[in-house]
Amino acid sequence: MADYFLNIHQLKNYIDGKWIEGKQFIPVINPATGKKIVNVPLSSEETVDYAVSSAKRAQKDWALVPAPKRAEIIYDVGTLLKERKETLARLLTMENGKILEEARGEVQEGIDMAFYMAGEGRRLFGQTTPAELKDKFAMSMRVPVGVVGIITPWNFPIAIATWKAFPAIVAGNAVVWKPATETPMMAYELAKIFEEAGLPPGVFNVVHGSGAVVGQRFVHHPDIRVISFTGSNETGRMIAGECGKQLKKVSLEMGGKNAVIVMDDADLELAADGIIWSAFGTSGQRCTACSRVIVHENVKEKLEERLLEKIATLSIGNGLDETIRVGPIINKASIEKIKSFIEIGKEEGAKLLTGGYELTGEQYKNGHFFAPTLFTNVTANMRIAQEEIFGPVVSIISVKNFTEAIEVNNSVTYGLSSSIFTHDVNQVFRATRDLDTGIVYVNAGTTGAEIHLPFGGTKGTGNGHRDSGIQALDVFTEWRAVYVDYSGKLQRAQLDVE
Ligand code: UN1
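What counts, and where the lines are drawn
- Residues numbered from 1 in each chain as written.
- Predicted model: local features only at pLDDT ≥ 70, side-chain atom pairs only at ≥ 80, totals over all residues.
- Heavy atoms only, no water.
- Helix = DSSP H or I, 4+ residues; strand = E, 2+ residues; numbered from the N terminus.
- Rg over C-alpha atoms; globule rule 2.2 N^0.38 Å.
- Buried < 20%, exposed > 50% of the residue type's maximum accessible area, 1.4 Å probe, protein only.
- Contact = heavy atoms within 4.5 Å.
- Areas by Shrake-Rupley, 256 points an atom, 1.4 Å probe, with all protein chains shown as cover.
- Lys, Arg positive; Asp, Glu negative; His and termini not counted.
- Charge placed at Lys NZ, Arg CZ, Asp CG, Glu CD.
- Pairing = 2+ DSSP bridges.
- Axes fitted to C-alpha atoms, helices over the stretch in contact; angles between N-to-C directions.
- Core = buried A, V, L, I, M, F, W, Y, C linked by side-chain atoms within 4.5 Å.
- Domains from an automatic or database assignment.
- Right-handed = clockwise from strand over helix to strand, strands pointing away.
- Disulfide = S-S within 2.5 Å.
- Expected span 1.5 Å × (residues − 1).
- Phe/Tyr/Trp six-rings, centres within 6.5 Å; stacked < 30°, edge-to-face > 60°.

A. Summary view of the overall build of the protein chain. Looking only at helices and strands, the protein chain features 14 helices and 21 strands. In terms of overall size, the protein chain behaves like a compact globule, its C-alpha atoms giving a radius of gyration of 24 Å where 498 residues would be expected to give roughly 23 Å. The C-alpha extent of the protein chain, read off along each of the three principal axes, is 80 × 65 × 40 Å. When burial is assessed residue by residue, the protein chain has 57% of its 498 residues classed as buried. Intrachain contacts of the protein chain at a sequence separation of at least 6 include 74% that bridge at least 24 residues. Surface exposure of the protein chain reaches about 20500 Å², of which carbon and sulfur atoms provide 52%. The centroid of the 53 positive side-chain charges in the protein chain is displaced by 4 Å from the centroid of its 60 negative side-chain charges.

Spelled out as structure tokens, the structure:
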């Protein structure tokens, strides 16, 4: 792997099929070791404008390529991703920190998305429907929107980009992508793959840089007709406000405060495994991470014992070491945010069961690591139970019954993922009806969404759109209604009723 970096010290933007040098740069730091990986450009508004004009030009021809042919390129992209899975996973661990096993899983999401969307090239179904007049044909069809702006976070640097870019491209759009500056290597690799797969220049473009410059320009550029964003609630609201003024379509996915509910009939061993995996996997830095456990009071203590036993076995360190179960936190600012929530939890009167501190020993000194943390005796309205911490911190809230469990789950402003552990079939169906989240799991943790189902949530998690699944196509296409009158005379809808 060391050799890999000898040739690249500085990443470039990928625009119109060309690699464009940047002018200003910031370093990309491995969060486990503190070592610099590469420099990433901080691009200007002019660079965005260049990318958008290239995309606009390329999109005209791309939209005329038959969808099954467009999809063949996505299929080839999937094949290349599959061939390079291990290299990509290692790079991903280096730039993001997630353990290798999870990094492989994330690359696999991209591979799955490629093959799924490649199939969509031969579907992209519209509807035919009877017309109300004689000798008249009616149908609806999807048409591309034009140039799509994609803004993605550092916590899933490749999977989320594929959820957005692949459906957009299969549907006949051109893409301009701003990856997170913390994790630009996946963008570099994906651009190379698109180039090798033979995607025409300008259909897929990468512009590195900050949200304040590149992201802002995406939002304001009149020729970007759709913004698909995953990131913080605060930024998402700003984007939505601006896009609203411009009547620009915008799809937002902005995190969660996801809970696992454990009822008193649950398999506690399984529930504890589900909680550990979804709370401390990716060090809790997932939109879908479990950050609340809502437990029936009868089994609270037993569950806590099991969680403590399991936490004690978690090895923390550099994710490239295959024995490690929990990797680093992305950067110092995130560590500070997590620490501040530990203080808030204590002040609010929650009891710290384990963790609550940054790891500082010799092996941790150059990176950013935080101990898996459990708070108990938390009440539903405490800030630690309401706000997204984005780290390995779980709040345990005890409840008296099922109804209260559902109420507590739904008491947050987010609505991404939820889970219930129970064997009672009535509770299972009530929960799937009443949990106010876009994703519901039964007898599994809150993470692990599959790419052929819609991903997204209710309330403050989004604005009604979904990533991945067939539903992603609704973000990247307009519906067109088409009427063909073959009667040879003027027929007037709604008037010629006889
Ligand atoms: C995210 O955290 O933004 O369901 C995405 C999951 C993953 C995707 C998470 N498949 O946890």
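B. The sheet that holds strand β6 (residues 136–144), seen in detail. Pairing is antiparallel across the open sheet formed by three strands, whose spatial order is β5-β6-β21. With one partner strand each, in any of the chains shown, β5 (127–130) and β21 (477–485) form the two edges of the open sheet. Ignoring which end each strand starts from, the neighbouring axes of this sheet average 20 degrees apart. Relative to β6, β5 is paired through four bridges, and the arrangement is antiparallel. Within β6, the residue paired with threonine 128 across the bridge is methionine 139.

C. Seen up close, the nonpolar core. Residues Leu81, Phe166, Ile169, Trp177, Leu190, Phe194 and Phe204 are the most contacted members of the largest nonpolar core, which totals 69 residues. A domain split of this core shows at least three residues from each of domain 1 (13–254 + 462–481) and domain 2 (258–442). Apart from residues no more than four positions distant in its own chain, phenylalanine 166 is found in contact with Ile74, Val77, Leu81, Gly110, Met113, Ala114, Met117, Ala161, Leu190 and Phe194. Within the second largest apolar cluster, 29 residues are counted, among which are Cys290, Val299, Tyr364 and Phe421.

D. The arrangement of the pairing of strand β19 (residues 439–442) in detail. Only one face of β19 is covered, namely the one carrying Ile439 and Tyr441; the face carrying Val440 and Val442 has none of its residues buried. As paired elements, strand β18 (residues 417–421) and β19 share four bridges and run parallel to each other. Bridging across to β19, serine 418 finds its partner in valine 440. You can see the chain leave β18, run along helix α13 (residues 425–434) and come back into β19, and the turn it takes is right-handed.

E. Spotlight on the state of the cysteines. For the structure shown, the criterion picks out zero disulfides. No disulfide involves cysteine 290; its sulfur sits 14 Å from that of cysteine 287, the nearest cysteine. Since its relative accessible area comes to 1%, cysteine 290 is described here as buried.

F. Fine view of unusual backbone geometry. With a phi close to 50 degrees, threonine 282 is a non-glycine residue in the positive phi region. You can see threonine 282 is positioned in the loop between α9 (268–280) and β13 (290–296).

G. Helix α3 (residues 85–96), seen in detail. Spanning 12 residues, α3 covers 16 Å between terminal C-alpha atoms, matching the ideal 16 Å at 1.5 Å per step. Within α3, the full set of buried residues consists of Leu88, Ala89, Leu91, Leu92, Thr93, Met94, Glu95 and Asn96. Residues of α3 that are buried sit in contact with β3 (25–29), β4 (36–41), α2 (67–83), α4 (100–120) and α6 (185–197). Backbone geometry just after α3 places glycine 97 at a positive phi near 100 degrees.

H. Quick look at the packing of aromatic side chains. Across all of its chains, the model carries nine aromatic pairs by this definition. Taking 5.5 Å as the distance between ring centres and 65 degrees as the angle between the ring planes, the aromatic pair formed by tryptophan 19 and tyrosine 188 counts as edge-to-face. Of this pair, tryptophan 19 sits in strand β2 (residues 18–20) while tyrosine 188 sits in helix α6; the two residues are 169 residues apart in sequence, bridging distant segments of the chain. Overall, the relative accessible area of 27% leaves tryptophan 19 in the partly exposed class. In this structure tyrosine 188 comes out as buried when scored by relative accessible area, which is 16%. Between tryptophan 163 and phenylalanine 455, the ring centres sit 4.6 Å apart and the planes meet at 45 degrees, which makes this aromatic pair tilted. One end of the pair, tryptophan 163, is in helix α5 (residues 159–170); the other, phenylalanine 455, is in the loop between β19 and β20 (458–459), with 292 residues separating them in the sequence. Summarising the burial analysis for this pair, tryptophan 163 and phenylalanine 455 share the class buried. Cluster of aromatic residues (ring-pair linked, three or more members): Phe166, Trp177, Phe194 and Phe204.

Functional significance is not addressed by these values, which are geometric in nature.
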